[in-house]
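Geometric and topological summary
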Amino acid sequence: MTTRRASSRALRLLLLPLAFAATLSVGSAAELNPAAVTYKLPDQIPWGPVDARGAQTAVVVGDPNKPGFYMVYNKWTKGNHFSRPHFHPNDRYIVVLQGTWWVGSGAKFDPENGTVPMPPGSFVTHTGKQVHWDGAKDEDAVLLIMGEGPATAAAAEEK
């Protein structure tokens, strides 16, 4: 019994400095020079409200309504929310960050049979002046969209 207590005490004495060191390393994060690095943590991203199409947007760089480079997060909410066929004047580059994003092309809108799933990590180019449409089916899809503004869209659905 005494050997067991001694072993338990020795183990606690060994673990105590390790726990203390771990606490110090967590509590003493480096401060970054704001002139060199700026960042926003996920809870600081300024998401807008979900629109009528079931999409939600957060601008992270630039202004997509003005000329120049921009980056936006776009979230398509689950529940078969899709854009309708449209095109943009400029190329747009998209990375799927989370969920499955469904992409279609052409003027005929057919989410059931005319889309291809893009899993997380996929990279997609929407070529300027080419008709496409996209959205989410049974799970949210979070995208990072980059391009040159203004990021206008022109409807192109076949009626």
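In case you missed it, the structure is sitting above this.
Everything in this summary refers to the structure shown in the same document. It should be emphasised that the depicted structure is a prediction, and the values quoted were computed from it without experimental measurement.

To continue, consider the sheet that holds strand E2 (residues 68–76). Read across the open sheet, the 5 strands follow the order E1-E2-E10-E5-E8; overall the sheet is antiparallel. A strand with exactly one partner marks an edge of an open sheet, and here the two such strands are strand E1 (55–61) and strand E8 (123–126). When strand polarity is set aside, the average angle formed by the axes of neighbouring strands in this sheet is 25°. In the sheet, strand E5 (residues 92–98) pairs with E8 via 4 bridges, with the strands oriented antiparallel. Within E8, the residue paired with Arg92 across the bridge is His126.

A few words now on the pairing of E2. The pairing of E1 with E2 spans 6 bridges and is classified as antiparallel. Within E2, the position partnered with Ala55 by the bridge is Trp76. Counting the residues between successive antiparallel strands, the hairpin from E1 to E2 contains 6 residues, one of them, Gly62, with a positive phi of roughly 70°. Note that E2 and strand E10 (residues 141–149) share 9 bridges and pair antiparallel. Residue pairing in the sheet places Tyr73 in a bridge with Leu144 of E10.

The next subject is the environment of Gln130. Looking at where Gln130 falls in the secondary structure, it is placed in the loop between E8 and strand E9 (132–136). In sequence terms Gln130 and Asn90 are 40 residues apart; their C-alpha atoms lie 9.4 Å from each other. Those residues in contact with Gln130 that lie beyond four places of it in its chain are His86 and Phe87.

Together, Leu32, Val37, Tyr39 and Leu41 make up a nonpolar patch on the protein surface, roughly 400 Å² of accessible area in all. You can see Val37 is positioned in the loop between helix H1 (2–27) and E1.

One pass over the full model with this rule turns up 3 salt bridges. Between Asp63 and Lys66 there is a salt bridge; the shortest N-O distance is 3.9 Å.

Positionally, Asn74 belongs in strand E2. At 3.2 Å, the side chain of Asn74 and the side chain of Thr57 are in polar contact. For Asn74, the residues in contact, after removing those within four places along its chain, are Trp47, Ala55, Gln56, Thr57, Ala141, Val142, Leu143 and Ile145.

For the rest of this paragraph, the subject is unusual backbone geometry. Of all residues except glycine, most have a negative phi; of all peptide bonds, most are trans. Here the amide bond leading from Gly149 into Pro150 is cis, since omega sits at 0°, within 30 degrees of zero. Within the secondary structure, Pro150 is located in the loop between E10 and strand E11 (154–155). A positive phi angle, near 55°, is found at Asn80, a position not held by glycine. Here Asn80 is to be found in the loop between E2 and strand E3 (81–82). Although it is not a glycine, Lys129 adopts a positive phi angle of roughly 65°.

Another aspect to go through is the environment of Lys75. Relative to the helices and strands, Lys75 is located in strand E2. Overall, the relative accessible area of 21% leaves Lys75 in the partly exposed class. Along the chain, Lys75 and Ala58 lie 17 residues apart, while their C-alpha atoms are 8.7 Å from each other. Ignoring anything within four residues of it in the chain, the contact list for Lys75 reads Trp47, Gly54, Ala55, Gln56, Asp140, Ala141 and Val142.

For the rest of this paragraph, the subject is the packing of aromatic side chains. Taken as a whole and assessed by the stated rule, the structure comprises 5 aromatic pairs. Measuring from ring centre to ring centre gives 5.9 Å for Trp47 and Tyr73, while their planes differ by 20°; the resulting arrangement is stacked. Taken as a pair, Trp47 in the loop between H1 and E1 and Tyr73 in strand E2 lie far apart in primary sequence, 26 residues in all. On the numbers, 6.3 Å between centres and 75° between planes, the contact of Phe82 with Phe109 is edge-to-face. With Phe82 in strand E3 and Phe109 in the loop between strand E6 (101–105) and strand E7 (116–118), the pair connects residues that are 27 residues apart, well separated along the chain.

Conventions we followed
Residues numbered from 1 in each chain as written. Predicted model: local features only at pLDDT ≥ 70, side-chain atom pairs only at ≥ 80, totals over all residues. Heavy atoms only, no water. Pairing = 2+ DSSP bridges. Helix = DSSP H or I, 4+ residues; strand = E, 2+ residues; numbered from the N terminus. Axes fitted to C-alpha atoms, helices over the stretch in contact; angles between N-to-C directions. Contact = heavy atoms within 4.5 Å. Patch = residues over 30% accessible without salt bridge, like charges linked within 9 Å, V, L, I, M, F, W, Y side chains within 5 Å. Areas by Shrake-Rupley, 256 points an atom, 1.4 Å probe, with all protein chains shown as cover. Salt bridge = Lys/Arg side-chain N within 4 Å of Asp/Glu carboxyl O. Polar contact = N/O pair within 3.5 Å; in protein donor to acceptor, adjacent residues only side chain to side chain. Buried < 20%, exposed > 50% of the residue type's maximum accessible area, 1.4 Å probe, protein only. Phe/Tyr/Trp six-rings, centres within 6.5 Å; stacked < 30°, edge-to-face > 60°.

Geometric values such as these leave the question of function open.
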